[in-house]
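# Residue-level structure breakdown
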Amino acid sequence: LPYWANEILRDKRHDRFVVTGGLGSSKTTNGLLTFFINILNNPLAKMWWVIAPTHSRIDDSVIPASVFALDLMGLKANIHYKLVRSKPATVRIHSTGQEIRFISADRPDLMVSATLGGYFITEAFRIKREVYENVESRARSVNVDRILGILEGTPEGDTWGKDEFDIDRSDPIRKLRRFILHTYDNEHNLHPS
């Protein structure tokens, strides 16, 4: 894991993390890997959400990155977990009975009635503030060490995300920490061009 992912897992003072960076900086894959490690470290919390702006982003980007991250952890499809491609798509982890649901941000009014151990939002600053507010109200499980929220994406100009999360490094009152990544941080994994 890169330094920032290890920091998220070790950090006991913060429970919300914002990861912004350039294209190819590995914020999605390593963010999902970090999120999944946290899930397995909290087996009593049964429901977790991964949110993307649209269903197509879930299907063409987030699910493949999730399968890759689970594979890096040594978890194999149909042995350690089952990927159910429904709406919402769901990963069911056999050993713990936990579910990771892939939720589209296009209908925030449908984000109701769940009790989450935590959430991961990709392309967080391209979605409506209402999505973030709704998932925050669902993140309330008492069966976790901490309720973990990770928001990642590229900076998107003057959006609600800038208003909410444009901090230097840490906001201890909100238990919020920010990491700013650069594409060259991940250049060893990228094609030379």
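Residues numbered from 1 in each chain as written. Predicted model: local features only at pLDDT ≥ 70, side-chain atom pairs only at ≥ 80, totals over all residues. Heavy atoms only, no water.

### Comments concerning the overall build of the protein
The following threshold applies: Elements are defined by DSSP. Helices are runs of H or I of four residues or more, strands are runs of E of two residues or more, and each kind is numbered from the N terminus. Based on C-alpha atoms, the radius of gyration is set beside the globule rule, defined as 2.2 Å times the residue count to the power 0.38. Whether two residues touch is decided by their heavy atoms; if any such pair falls within 4.5 Å, the residues are in contact. Residue burial considers only the protein chains on display, and all accessible areas are found by Shrake-Rupley using a 1.4 Å probe. In this tally Asp and Glu are treated as negative and Lys and Arg as positive; neither His nor the chain ends contributes. Taken as the charge location is NZ of Lys, CZ of Arg, CG of Asp or CD of Glu.
Check the secondary structure of the protein and you find five helices and nine strands. Reading the helices (α) and strands (β) of the protein from amino to carboxyl end gives α-β-α-β-α-β-β-β-β-α-β-α-β-β. Scaling as 2.2 N^0.38, a compact globule of 193 residues should have a C-alpha radius of gyration of about 16 Å, and the protein matches this with 16 Å. Reported as C-alpha extents along the three principal axes, the dimensions of the protein are approximately 40 × 40 × 35 Å. In the protein, of all internal contacts separated by at least 6 residues, the share reaching a separation of at least 24 is 72%. Surface accessibility of the protein: about 9700 Å² in total, with carbon and sulfur atoms responsible for 51%. Each charge sign in the protein was given a centre, from 26 positive and 24 negative side chains, and these centres are 6 Å apart.

### Some details on the pattern of salt bridges
What counts, and what does not: Any carboxyl oxygen of Asp or Glu that lies within 4 Å of a side-chain nitrogen of Lys or Arg is treated as forming a salt bridge with it. Between buried and exposed lies partly exposed: a residue is buried under 20% and exposed over 50% of the maximum accessible area for its type, with that area taken using a 1.4 Å probe on protein chains only.
According to the stated counting rule, one finds 16 salt bridges in the structure shown. Where Asp-11 meets Arg-177, a salt bridge forms, and the shortest distance between an N and an O atom there is 2.9 Å. With Asp-11 in the loop between α1 (3-10) and β1 (16-21) and Arg-177 in strand β9 (residues 176-181), this pair connects stretches of sequence that are 166 residues apart. Here Asp-11 matches Arg-177 in class, with each residue buried. Where Arg-16 meets Asp-15, a salt bridge forms, and the shortest distance between an N and an O atom there is 3.4 Å. It is possible to trace a salt-bridge network through shared partners that takes in Glu-7, Arg-10, Asp-11 and Arg-177.

### Focus on the environment of Glu-133
Note on placement: Glu-133 falls in helix α4 (residues 129-138). Along the chain, Glu-133 and Met-111 lie 22 residues apart, while their C-alpha atoms are 10.0 Å from each other.

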